Amino acid sequence: MTSQTTLTKTRLFAGQWEGVLSVPDGAPAPQIEVVVHDERIDDVAVAKMEAPGDWAVTVPIPPEVLSDGVQIFLIRDRATDAVLNSFVVMAGEEVSDTVQAEILLLRAELDMLKRAFRRHCVETGAA
């Protein structure tokens, strides 16, 4: 097992994203949250697997968040705000090219970094 937490996609099937969360031996599973458009997705399941340190993660894709365009789902550790994985759903009108999806993903990751930096400044007393 590695010393780092990883979340690896296994499949997207029947409206659910599925993956395996690997944590260091003996560490508890992180509290997972999934957000799309700053809205939290309910009913995310994290279940212990047979292999030590592995957890099955299932993310339902609610129909109400799907619309024309690009929706970016960020799977984060709630305690640290670290993005463990992400996935994009494009629907409806054809998106001109994947650059738009990349820009939206970068924007979401930049927002996460800004929050982490601000929290770091508060915790360390930096100006």
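Look up: the structure comes first, before these words.
Rules used throughout
Residues numbered from 1 in each chain as written. Predicted model: local features only at pLDDT ≥ 70, side-chain atom pairs only at ≥ 80, totals over all residues. Heavy atoms only, no water. Core = buried A, V, L, I, M, F, W, Y, C linked by side-chain atoms within 4.5 Å. Buried < 20%, exposed > 50% of the residue type's maximum accessible area, 1.4 Å probe, protein only. Helix = DSSP H or I, 4+ residues; strand = E, 2+ residues; numbered from the N terminus. 1 Å grid on protein atoms, 1.4 Å probe; cavity = no way out; pocket = protein on both sides within 12 Å on 5 of 7 lines; lining within 4 Å. Points joined across faces, edges and corners; volume = space filled by probe spheres on them. Nonpolar A, V, L, I, M, F, W, Y, C, P; charged D, E, K, R; others polar. Pairing = 2+ DSSP bridges. Lys, Arg positive; Asp, Glu negative; His and termini not counted. Salt bridge = Lys/Arg side-chain N within 4 Å of Asp/Glu carboxyl O. Polar contact = N/O pair within 3.5 Å; in protein donor to acceptor, adjacent residues only side chain to side chain. Contact = heavy atoms within 4.5 Å.

**What about the nonpolar core?**
Ranked by internal contacts, the top residues of the largest apolar core, which has 19 residues, are Leu-21, Phe-73, Ile-75 and Phe-87. Where this core is concerned, the elements lending two or more residues are strand E2 (16-22), strand E3 (32-36), strand E6 (54-60), strand E7 (69-77) and strand E8 (83-91). Counting seven residues, the second largest nonpolar core, distinct from the first, contains Val-35, Ala-101, Leu-105 and Ala-108.

**A short note on the layout of surface pockets**
Quantified by volume, the largest pocket comes out at close to 310 Å³. His-37, Asp-38, Leu-104, Ala-108 and Asp-111 are, among the 13 residues lining the largest pocket, the residues nearest its centre. Going through the elements one at a time, E3, E7 and helix H1 (99-124) are the ones with two or more residues in the lining of the largest pocket. Counting residues per element, the lining of the largest pocket draws most heavily on H1, at five residues. Across the lining of the largest pocket, the residue classes break down as seven nonpolar, one polar and five charged.

**Looking at unusual backbone geometry**
Phi is positive for His-37, close to 55 degrees, though the residue is something other than glycine. Looking at the secondary structure, you find His-37 in the loop between E3 and strand E4 (39-40).

**Description of the pairing of strand E1 (residues 6-13)**
In the sheet, E1 pairs with E2 via seven bridges, with the strands oriented antiparallel. What sits directly across from Leu-12, in E2, is Trp-17. Once E1 ends, the chain turns through two residues before running back antiparallel as E2, passing Ala-14 with a positive phi of about 50 degrees.

**Considering the sheet that holds E7**
Overall, antiparallel pairing links the four strands, which are arranged E4-E3-E7-E8 in an open sheet. Because the sheet does not close on itself, it has two edges, and the strands there are E4 and E8. In this structure, E3 lies alongside E4, joined through two bridges in antiparallel fashion. In the strand pairing of E4, Val-35 is matched with Arg-40.

**Description of the side chain of Asp-77**
As for its position among the elements, Asp-77 is in strand E7. Buried charge without a partner: Asp-77 forms no salt bridge, and the closest opposite charge is Arg-78, 7.4 Å away. At 3.0 Å, the side chain of Asp-77 forms a polar contact with the backbone nitrogen of Ala-79. When sequence neighbours within four positions are dropped, the list of residues in contact with Asp-77 reads Pro-30, Gln-31, Ala-82 and Leu-84.

**With respect to the pairing of strand E5 (residues 45-48)**
Here E5 pairs with E6 via four bridges, running antiparallel. If you follow Ala-45 over to E6, its bridge partner there is Thr-58. Between the antiparallel neighbours E5 and E6 lie five residues, among them Gly-53 with a positive phi of about 85 degrees.

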